[in-house]
Amino acid sequence: MAPSAAGDGALERIVIENCAIATVDADDTEYASGHVVVAGNRIESVGAGRAPEGLGGVVRRIDGTGHLATPGLVNTHHHFYQWITRGLATDHNLFNWLVALYPTWARIDEPMVRAAAQGSLAMMARGGVTTAMDHHYVYPRGSGDLSGAVIAAAREMGVRFTLARGSMDRGTSDGGLPPDFAVESLEGALAGTEETIDKHHDASFDAMTQVAVAPCSPFSVSTELMRQGAELARRKGVRLHTHGSETVEEEEFCKELFGMGPTDYFESTGWLGSDVWMAHCVHMNDSDIAAFARTGTGVAHCPSSNARLAAGIARVPDMLKAGVPVGLGVDGTASNESGELHTELRNALLINRLGAHREAALNARQALRLGTYGGAQVLGRTGQIGSLEPGKLADLVLWKLDTLAHSSIADPVVALVLGAAAPVSLSLVDGKPVVEAGHLTTVDEDAIARSTRDEAQRLARIAAQG
Ligand SMILES: [Zn+2]
């Protein structure tokens, strides 16, 4: 339930005033100078001008002059473990890149995954991400509690989090792409996923941790795991996530192995629906887009990764026009070394303008919506996050736009999206600060930099031994 209104002395309030505000609500309401009042872990009020007089329990009053307040950014696709295999196989397409990296990835262990998760989370949180997700699908035998390590890292950072518990069970001997030693059994993958849901999924309004069922991709997962994974998710009432229609090669693979394209294959295995979101969806024809729209299947658009792996340009304007929910994703940092989401607002806009719709493809406000409300849509959390509205969770960012980088741009949303990566003066998650004046408050960034370097070197040594 939302907290009661002004006068409830037990609630601690944070008042932010004098900032521009882009609420990203249904009407795209904006204020040139307005206020946000946070009460406990909820947004209590948003509006023009100063905050209401006489509020009780105000523990902090912030002058937001020179800033833009937006909803916190929502990342909808990532692979945290890749933080320690960045900068490798830099001139490859997806399949060649995967084949080059699988042998190294198959050597990961719990301390490596913990460090990599901290690195990935820190980089995103510093840039205004308040809801993160990790699609983790590499579970080598005897490697420890990798899901637990990732979830612990997110809790420590203080960001809202969805773990998409991934899996692979189609090794090369079954016609798949990953080597046999990198995959789980069908039974092992399903049992591990169910255990993760039972242990960690929180279905409450305020949930900080949620779990989704997430077999990796058609070319690394058996049809049975796709089918039974979908059944498991629906039995447990959790969401479904996978990679889809990323490359031309994947389309050819599906046609050869299943006699149909990826979207038809997903439909035949129970993988289209309003509880499903898929990463990439680059190679979609009109009927694929119509099928996503008809079923409410969501898309995690990852423009930098698609460019890095020469995958192509997803048809985001056509998806939006058809009514497909679209969020943004960093994707794993082995295919997007920057690891930032706020720069993906700009990249989404620019890359889509290179596509068929040219200058009409996306505008700055649509790009901001993809990174906030669109993300909440694909994660199934629009009632709680994704816009600044009374009653929603207090996940918000104050972007500093009064320095050299942005101060001569009059429109703050345009400055945020098209300008340089804007510094974050404050990021609140669940009403608590995660970033203050550009620095993470919950963790030691330099310590994470050291541990991720050490673990990356340890992984490289182990992988080199074969
Ligand atoms: Zn991915």
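Residues numbered from 1 in each chain as written. Predicted model: local features only at pLDDT ≥ 70, side-chain atom pairs only at ≥ 80, totals over all residues.

K.L.:
Explain the nonpolar core here, please?
P.N.:
Looking at soluble globular proteins, one finds that nonpolar side chains tend to be buried together. Core analysis: the largest hydrophobic core is formed by 142 residues, its most contacted members being Val 36, Leu 121, Ala 125, Val 150, Val 159 and Val 299. For this core, the element with the most residues is helix α2 (residues 110-126), which contributes ten residues. When near neighbours in sequence (up to four residues on either side) are disregarded, Val 159 contacts Leu 121, Ala 125, Val 129, Thr 130, Thr 131, Ala 132, Ala 154, Val 429 and Val 434. (Core = buried A, V, L, I, M, F, W, Y, C linked by C-beta atoms within 7 Å. Buried ≥ 20, exposed ≤ 12 C-beta atoms within 10 Å, placed from the backbone. Helix = DSSP H or I, 4+ residues; strand = E, 2+ residues; numbered from the N terminus. Contact = placed C-beta atoms within 7 Å.)

K.L.:
Looking at this structure, how should I read the domain arrangement of the protein?
P.N.:
It is common to give the size of an interface as the accessible area lost on bringing the parts into contact. Structurally, the protein comprises domain 1 (13-71 + 384-440) and domain 2 (73-378). In this structure, domain 1 and domain 2 have C-alpha centres spaced 29 Å apart. The interface of domain 1 with domain 2 comprises 28 residues on the first partner and 31 residues on the second. Elements that contribute at least two residues to the side of domain 1 that touches domain 2 include exactly β5 (67-71), α13 (412-418), β15 (424-429) and β16 (432-436). For the side of domain 1 that touches domain 2, the element with the most residues is α13, which contributes five residues. Grouping the amino acids of the side of domain 1 that touches domain 2 by side-chain chemistry returns 18 nonpolar, six polar and four charged. (Domains from an automatic or database assignment. Nonpolar A, V, L, I, M, F, W, Y, C, P; charged D, E, K, R; others polar.)

K.L.:
What am I meant to see in unusual backbone geometry here?
P.N.:
Glycine aside, a negative phi is what most residues show, and trans is what most peptide bonds show. Non-glycine residue Cys 281 carries a positive phi angle of around 50°. For Cys 281, the location among the structural elements is in the loop between β11 (276-280) and α8 (286-295). Note on Cys 281: 29 C-beta atoms within 10 Å, which makes it buried.

K.L.:
Help me understand helix α12 (residues 364-378), please; the structure alone is not making it clear to me.
P.N.:
Across its 15 residues, α12 extends 20 Å between first and last C-alpha, which sits within 8% of the 21 Å expected from 1.5 Å per residue. The sharpest bend along α12 comes to roughly 45°, located at Leu 370. Within α12, 14 of the 15 residues are buried, which leaves the element mostly enclosed by the surrounding structure. Of the residues one or two after α12, Gly 380 is the one with positive phi, at around 70°. (Expected span 1.5 Å × (residues − 1). Bend = angle between axes of the 7 residues up to and from the residue.)

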